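The chain contents come next:
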Amino acid sequence: MSGIWGKNVQVSIFGESHGVAIGITINGLPPGLEVDMEQVLFEMARRAPGRNELTTPRKEKDQPEILSGLLDGKTTGAPLTAIIWNTNTRSKDYSLLKNVMRPGQADYPGRVRYKGHNDHRGSGHFSGRITAPLVFAGAICKQWLAQKGVTVGAHIQSIGMIEDESFADQKEVTLEQIRSFKEQQLPLFNVEKETEMKDLIVEAKEDGDSVGGVVETFVLGLDAGYGNPFFDSVESQLAHLVFAVPAIKGIEFGTGFDIAKMRGSEANDEYYYDEHGQIKTRSNNNGGIIGGITYGMPVVFRAAVKPPASIKKKQQTINVEEGKAAELEVEGRHDPCIVPRVLPVLEAVTALGLMDLMMGGQHHE
Ligand SMILES: Cc1cc2nc3c(=O)[nH]c(=O)nc-3n(C[C@H](O)[C@H](O)[C@H](O)COP(=O)(O)O)c2cc1C
């Protein structure tokens, strides 16, 4: 049942890229939550394709149609279902791909797993398009979180080898900064890197190739005491959702893999009382989570996004129908870099994971 996730807020996603529609049912939303649809549509537009020269020209409005669970702008508490009709599909682009397995795509493993019955058009249920309903759900979760003073933000940490500053380099990250990220084509702390990054993406596109990158996500305003040790740690909860996002190949919390190079005396986050008597730590190498439980500092993680697999450049592969080697140049409309579009999806699944966690009521006051 790979399409269902959650304990306290449960989501169930469905649809194929070139089918009739895609969508989601959300169970467990509290009744009476006012949903600002403008905000929901804004979040969905951040993920939608065809917004600028850096993404696929497939233009899709990603307009959700709400079938249940919302009355007079407020959640009823019953399952909330939204669908998005697929209106801009060109399946003939994909007819050749039924038997020729695209390297780096789910064609081969998906064919074996589903005994050849999977919808292969536009990657079917494996498509990044299925993340649109997740952004819909995440946008609602963000509104619930906002009422609790919790905000999720993200910036592009890197595209290829070009790096932005990190969250840890900043003195303070304000809500204003997070709002301005949402307006940027490439959300960056150091906006001077934008041109370099754009040039790299355009260069890859002109080569018929693609580039990847890293997204850094952070959560502000989360109190100490959420989470659990072992199987239900906050890291497990978030990593589960982050790896559900297509194209994610790695995650690290706080200082991540670099913590292995430090001594304990450097890695430990020393506690102190700030001027308001609040407990803080001087560093945040543990990314806001120790023992699987939040300690009141921002939760910070970075996720590696791979260069999208569908490229025009000639590649060697196989034709499984003929049982022979084959050459492939992927036609159709593809992104040379999906990092800016994956970023709002990562924010959305983080919001979903946090709401599920907080609704579990593990926080001891
Ligand atoms: C928003 C979004 C858009 C995507 N667009 C593309 C794309 O245009 N071309 C492509 O090859 N992969 C794209 N992907 C990634 C593929 O869906 C993914 O690589 C594939 O399903 C295999 O899964 P895996 O990379 O997680 O192993 C996209 C992913 C997301 C989240």
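The rules behind each value
- Residues numbered from 1 in each chain as written.
- Predicted model: local features only at pLDDT ≥ 70, side-chain atom pairs only at ≥ 80, totals over all residues.
- Heavy atoms only, no water.
- UniProt positions renumbered as here; feature names shortened; annotations may be inferred.
- Helix = DSSP H or I, 4+ residues; strand = E, 2+ residues; numbered from the N terminus.
- Contact = heavy atoms within 4.5 Å.
- Polar contact = N/O pair within 3.5 Å; in protein donor to acceptor, adjacent residues only side chain to side chain.
- Near = heavy atom within 4 Å.
- Areas by Shrake-Rupley, 256 points an atom, 1.4 Å probe, with all protein chains shown as cover.
- Nonpolar A, V, L, I, M, F, W, Y, C, P; charged D, E, K, R; others polar.
- Pairing = 2+ DSSP bridges.
- Axes fitted to C-alpha atoms, helices over the stretch in contact; angles between N-to-C directions.
- Phe/Tyr/Trp six-rings, centres within 6.5 Å; stacked < 30°, edge-to-face > 60°.
- Buried < 20%, exposed > 50% of the residue type's maximum accessible area, 1.4 Å probe, protein only.
- Lys NZ or Arg CZ within 6 Å of the ring centre and 35° of its normal.

By the naming in an unreviewed UniProt entry, the protein chain is Chorismate synthase, taken from Marinilactibacillus piezotolerans. UniProt, in the comment section headed Pathway (unreviewed entry), describes the protein chain in these words: "Metabolic intermediate biosynthesis; chorismate biosynthesis; chorismate from D-erythrose 4-phosphate and phosphoenolpyruvate: step 7/7."

(A) Region of the structure containing the UniProt feature "binding site: NADP(+)" (unreviewed entry) in the protein chain. In this numbering, the UniProt entry assigns the feature "binding site: NADP(+)" (unreviewed entry) to Arg-47. With respect to the helices, strands and loops of the structure, Arg-47 is situated in helix 1 (residues 37-47). Excluding its chain neighbours within four sequence positions, the residues that come into contact with Arg-47 are Asp-62, Gly-128, Arg-129, Thr-131, Ala-132, Val-135, Arg-341, Pro-344 and Val-345. For Arg-47, the side chain forms a polar contact with the main-chain oxygen of Gly-128, separated by 3.2 Å.

(B) Seen up close, the site of the ligand. Surveying the vicinity of the ligand reveals 17 residues, the closest of which are Gln-105, Ala-247, Lys-249, Lys-306 and Ser-310. In the environment of the ligand, an oxygen atom lies 3.0 Å from a nitrogen or oxygen atom belonging to the side chain of Lys-249. In the model, an oxygen atom of the ligand is placed 2.7 Å from a nitrogen or oxygen of the Lys-306 side chain. Relative to its unbound accessible surface of 630 Å², the ligand loses 87% to contact with the protein. Looking at the shell around the ligand, its residues break down into 8 nonpolar, 4 polar and 5 charged.

(C) Looking closely at the sheet that holds strand 8 (residues 151-159). In spatial order, the strands read 9-8-10-17-12; together these 5 strands make up an open sheet with antiparallel pairing. Two strands in the sheet have a free side with no partner beyond their single neighbour: strand 9 (162-163) and strand 12 (248-253). As defined by bridge partners, strand 8 adjoins strand 9 across 2 bridges and the pair is classed as antiparallel. Across the sheet, residue Ser-158 finds its bridge partner in strand 9, namely Glu-163. Each of strand 12 and strand 17 (299-305) is contacted by helix 6 (residues 234-242), which is oriented at about 160° to strand 12, the strand it contacts most. Most of the contacts of helix 8 (residues 339-359) go to strand 8, to which it runs at about 145°, and overall it touches strand 8, strand 10 (213-220), strand 12 and strand 17.

(D) Summary view of the packing of aromatic side chains. In total, this model carries 3 aromatic pairs according to the counting rule given. Measuring from centroid to centroid gives 5.1 Å for Phe-181 and Phe-189, while their planes differ by 70°, and the two rings are edge-to-face. According to the relative accessible area criterion, Phe-181 is buried, its value standing at 1%. Note on Phe-253 and Phe-301: the rings are 5.6 Å apart at their centroids and 50° apart in plane angle, and the pair reads as tilted. Separated by 48 residues along the polypeptide, Phe-253 in strand 12 and Phe-301 in strand 17 bring together distant segments of the chain. Overall, the relative accessible area of 15% leaves Phe-253 in the buried class. Above the plane of the ring of Tyr-272 lies Arg-282, whose end atom (NZ or CZ) is 4.1 Å from the centre.

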